[in-house]
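The residues making up each chain are set out below.
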Number of protein chains: 2
Amino acid sequence: MDERVREHAEVLVDWSARVEAGDNVVLRVGPDAHDLAVAVAEALGEREANLLATYSSGEVERAYLTAHGGEFDPDPGHERALLEETDVYLSLGGGRNTSATADVPGETERAYRRARTEIREARFDTRWVSTVHPTRSLAQQANMAYEEYQEFAYDAILRDWASLADEMAKLKDLLDEGDEVRLVSSGTDLTMRIEGRTAVNSAASVAYDSHNLPSGEVFTAPYATEGEVTFDVPMTLRGEAVRNVRLEFADGEVVDYGAGQGADVIGEILETDEGARRLGELGIGMNRGIDRYTDNILFDEKMGETVHLAVGRAYDACLPEGETGNESAVHVDLIADVSEDSRLEIDGDVVQRNGRFRWEEGFDG
Amino acid sequence: MDERVREHAEVLVDWSARVEAGDNVVLRVGPDAHDLAVAVAEALGEREANLLATYSSGEVERAYLTAHGGEFDPDPGHERALLEETDVYLSLGGGRNTSATADVPGETERAYRRARTEIREARFDTRWVSTVHPTRSLAQQANMAYEEYQEFAYDAILRDWASLADEMAKLKDLLDEGDEVRLVSSGTDLTMRIEGRTAVNSAASVAYDSHNLPSGEVFTAPYATEGEVTFDVPMTLRGEAVRNVRLEFADGEVVDYGAGQGADVIGEILETDEGARRLGELGIGMNRGIDRYTDNILFDEKMGETVHLAVGRAYDACLPEGETGNESAVHVDLIADVSEDSRLEIDGDVVQRNGRFRWEEGFDG
């Protein structure tokens, strides 16, 4: 076995999910994530956890959904019972075709997701972690050769997470103490209030309220946004290429928007509901193992020297106890490269310039 | 999709498992049974059942078991909770290597099976059905080309099950009314008591207490066996080739044994416990879709014109209410070809001669 697969499994089981003896573990396996599943099973055996593997195939889901009449059972009791007794839920993504469910009618998919609200919440109540096994289909999506993609993915995943968590804690502290963030870059001059909000040090571990591997970002829930912002990282949203999105905010709401490509998709998203026109997240990518965009949000939004903003739903972890932040049926991330001609200020102090933080070598305050 | 895969899925879901709308279904998928899983998911969607797919890989199991210290949790609560809320459990066998767990220490495997007694019983409390998707590794085990094996497997699986069930009911009635069975063939003259026992019409459907697809046998639980029997169908037991096994019975117990090959394995099995020296099953294969031995007990024991006997555990379904039949940790089937120079008598009446039943054309009473 490729030693990197074994290391990936160990990071996932120990650092990310903190698996202990006797834990009831569900291992969700994509059809091409088999090798990683074998390595994770070995790690779970060593730690004497209980293992149940589930099979997550886009083709199986497509067959089920397209044949179904559309009135989905909101309480599939066996799946709920399973999750209620589950301590750790490890999702190993990796299919053979990232478009496997492309022809499922949107209405069917939405009905299915709506019906599965309780199942999803039961999953979120476990120590869940989502990762991907680098597959040929993900390499294709990233426009890379297979071996090239493996190197890319493992560079992102096999970090010194404890040390990155320490570095990210510095930014989290600054955000927690600050009242206002200003982002200035080419086509961007945006201010956001963050007073009273708590940043999440997303260090790829349930111990940090962080559920993705790789991770490597610090995020919070901004409000009262003013100004304009341009997102220059290319991406695909709802099957459409989107380039150079520009949003203009007044009083916390999007009042104008445009895009070099895909403006119709952006318009559609902003029309979803009221919350879709306000920000739900400000995230600062700090994973320097990710050195290029691959049109996969799990990686792109964590890339070092990028900043992302999401329109839509805010995460509870960032909000004061009992307060509901921005609510919406969507949460759509858009990403800006801040490696050049950029600065990030907190209460007027520059904390990052041209991608370098103030505690880093090469920072030019 | 190969139309036979779709037919297989429909037989499994409708005839075998009697799936209805709202049923909570677990679909256990082997790594190479993906295509059948897609077809079954489609059938389950059409019938509006709830689907949860699990992943059953010998390689994942091997990694887990060999890494584990060996003290397995007898109550993995999440898996038990899942099965307790499961109505239908469909197992789709199909790996890439039938020897995937060959190097797991026997002691580890036995400890794991012992620990999983309750899990197994919870599964047996569902409407469970086991089938296999014809894979390249099964073709290899059967010493056949892949396409040849597909034809073989679908001939066995895609039967007119209702009509076969009717035919098998005739034999079941004769066995239920009879007191004694005598089997005479080359190297065989054996009598068994069956008075008070109930035969199972194993028609590949939970409606008939039958949990294998393919099936096609009638079986009962004999006792007070006397005489000798030779099993001429070649097979592999515990990794060893076994040929021409001969057992001699007195007073219901094996008093002597021999084999053209593999006598040591037979001796080992007979030494397991007291029950391992008595018969637990007399089965009569009636599936004429199976026309050759493939060293796979799921198929071989159902083959038309064969009779099999198992040493070890008897099935409760054959016993009078409240009676425990022969008990043992093992249940090992051995098979005899009865297509030539053979006859099966019930209370002195010949019901099958040279593979033909008395109600069939060509029967020579």
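Residues numbered from 1 in each chain as written. Chains lettered and ligands numbered in written order. Predicted model: local features only at pLDDT ≥ 70, side-chain atom pairs only at ≥ 80, totals over all residues.

**Observations regarding the overall build of chain A**
Then step 1. Summing up its helical and strand segments, chain A has 11 helices and 19 strands in all.
Then step 2. Since a compact globule built from 365 residues should have a radius of gyration of about 21 Å, the 20 Å found for chain A is in line with a globular shape.
Then step 3. The burial tally for chain A puts 48% of its 365 residues in the buried class.
Then step 4. Sequence separation of 24 or more characterises 71% of the internal contacts of chain A that already satisfy a separation of 6 or more. (Helix = DSSP H or I, 4+ residues; strand = E, 2+ residues; numbered from the N terminus. Rg over C-alpha atoms; globule rule 2.2 N^0.38 Å. Buried ≥ 20, exposed ≤ 12 C-beta atoms within 10 Å, placed from the backbone. Contact = placed C-beta atoms within 7 Å.)

**Some details on the sheet that holds strand E16 (residues 331–337) of chain B**
Residue and element names in this part refer to chain B.
Then step 1. Taken in spatial order, the five strands line up as E7-E9-E14-E15-E16 in an open sheet, and their pairing is antiparallel. Edge positions in the sheet fall to strand E7 (200–202) and E16, since each has one partner strand and no second. With direction set aside, neighbouring strand axes in the sheet form an average angle of 20°.
Then step 2. Both strand E14 (residues 279–285) and strand E15 (residues 306–312) contribute to a ladder of six bridges, which runs antiparallel. Bridge pairing links Glu281 to Ala310 in E15. (Pairing = 2+ DSSP bridges. Axes fitted to C-alpha atoms, helices over the stretch in contact; angles between N-to-C directions.)

**Notes on the interface of chain B and chain A**
Then step 1. Residue-level contacts link 39 residues of chain B with 39 residues of chain A.
Then step 2. Within the residue set of the side of chain B that touches chain A, elements represented by two or more residues are strand E1 (24–29), helix H2 (34–46), strand E2 (50–55), helix H3 (58–67) and helix H4 (77–84) of chain B.
Then step 3. Of all the elements, H2(B) adds the most residues to the side of chain B that touches chain A, at eight residues.
Then step 4. Residue composition of the side of chain B that touches chain A, grouped by class: 19 nonpolar, 12 polar and eight charged. (Nonpolar A, V, L, I, M, F, W, Y, C, P; charged D, E, K, R; others polar.)

**Overview of the relation of the copies chain B and chain A**
Then step 1. For the match of chain B to chain A, the screw axis carries a shift of 0.0 Å, the RMSD comes to 0.1 Å, and the turn is 180°. Overall, the copies show the geometry of a two-fold rotation axis. By C-alpha distance to the rotation axis, the residue of chain B lying nearest is Thr54(B), at 1.9 Å.
Then step 2. A shared interface surface links the copies, since 100% of the contact residues of chain B are contact residues in chain A too. (Least-squares fit on C-alpha atoms with pLDDT ≥ 70 in both.)

**Points about the nonpolar core**
Inside soluble globular proteins, nonpolar side chains tend to come together where they are buried.
Then step 1. In terms of nonpolar packing, the biggest core is built from 197 residues, with Ala37(A), Val40(A), Ala37(B) and Val40(B) touching the most fellow members.
Then step 2. Look past the residues within four positions of Ala37(A) in its chain and what remains in contact with it is Leu27(A), Val29(A), Ala53(A), Leu92(A) and Val60(B). (Core = buried A, V, L, I, M, F, W, Y, C linked by C-beta atoms within 7 Å.)

**Here we look at the packing of helix H1 (residues 3–16) of chain A against helix H2 (residues 34–46) of chain A**
Residue and element names in this part refer to chain A.
Then step 1. Interhelical geometry of H1 versus H2 gives an angle of 55° and a closest axis separation of 8 Å. Of the possible angle classes, the one that applies to H1 and H2 is oblique. In terms of crossing hand, the pair formed by H1 and H2 is right-handed. The segment H1 lies against H2, with Val5, Arg6, His8, Ala9, Glu10, Leu12 and Val13 engaging Asp35, Leu36, Ala39, Val40, Glu42, Ala43 and Leu44. (Parallel < 35°, antiparallel > 145°, perpendicular 65-115°, else oblique. Left-handed = near helix turned anticlockwise from the far one by under 90°.)

**Things to note about the pairing of E15(B)**
Residue and element names in this part refer to chain B.
Then step 1. Summarising burial for E15: seven of the seven residues are buried, a large majority.
Then step 2. Bridging between E15 and E16 involves seven bridges; their strand directions are antiparallel. Paired with Val307 across the two strands is Ala336, which belongs to E16.

**Digging into the environment of Gly22(A)**
Then step 1. Position of Gly22(A) relative to the elements: it lies in the loop between H1 and strand E1 (24–29).
Then step 2. What makes Gly22(A) partly exposed here is the crowd of 13 C-beta atoms within 10 Å.
Then step 3. If sequence neighbours within four positions are ignored, Gly22(A) has contacts with Glu48(A), Ala49(A) and Asp73(B).

**A short note on the domain arrangement of chain A**
All names here are of chain A.
Then step 1. According to the domain assignment, chain A contains domain 1 (3–157) and domain 2 (161–357).
Then step 2. The C-alpha centroid of domain 2 is placed 25 Å from the C-alpha centroid of domain 1.
Then step 3. Domain 1 puts 18 residues into the contact, and the matching count from domain 2 is 17 residues.
Then step 4. Of all the secondary-structure elements, those providing two or more residues to the side of domain 1 that touches domain 2 are H1, strand E4 (127–132), helix H7 (136–141) and helix H8 (146–157).
Then step 5. For the side of domain 1 that touches domain 2, the leading source of residues is E4, giving six residues.
Then step 6. Class assignment of the residues belonging to the side of domain 1 that touches domain 2 gives a composition of 11 nonpolar, four polar and three charged. (Domains from an automatic or database assignment.)

**Remarks on the pairing of strand E17 (residues 343–346) of chain A**
Residue and element names in this part refer to chain A.
Then step 1. Sheet topology note: the strand E5 (residues 180–185)/E17 ladder contains four bridges and is antiparallel. For Arg182, the partnering residue across the bridge sits in E17 and is Glu345.
Then step 2. Where E17 lies against strand E18 (residues 349–353), four bridges are found, and the strand directions are antiparallel. What sits directly across from Arg343, in E18, is Arg353.
Then step 3. The turn linking E17 back onto E18 is made up of two residues, and Asp347 within it adopts a positive phi angle of 50°.

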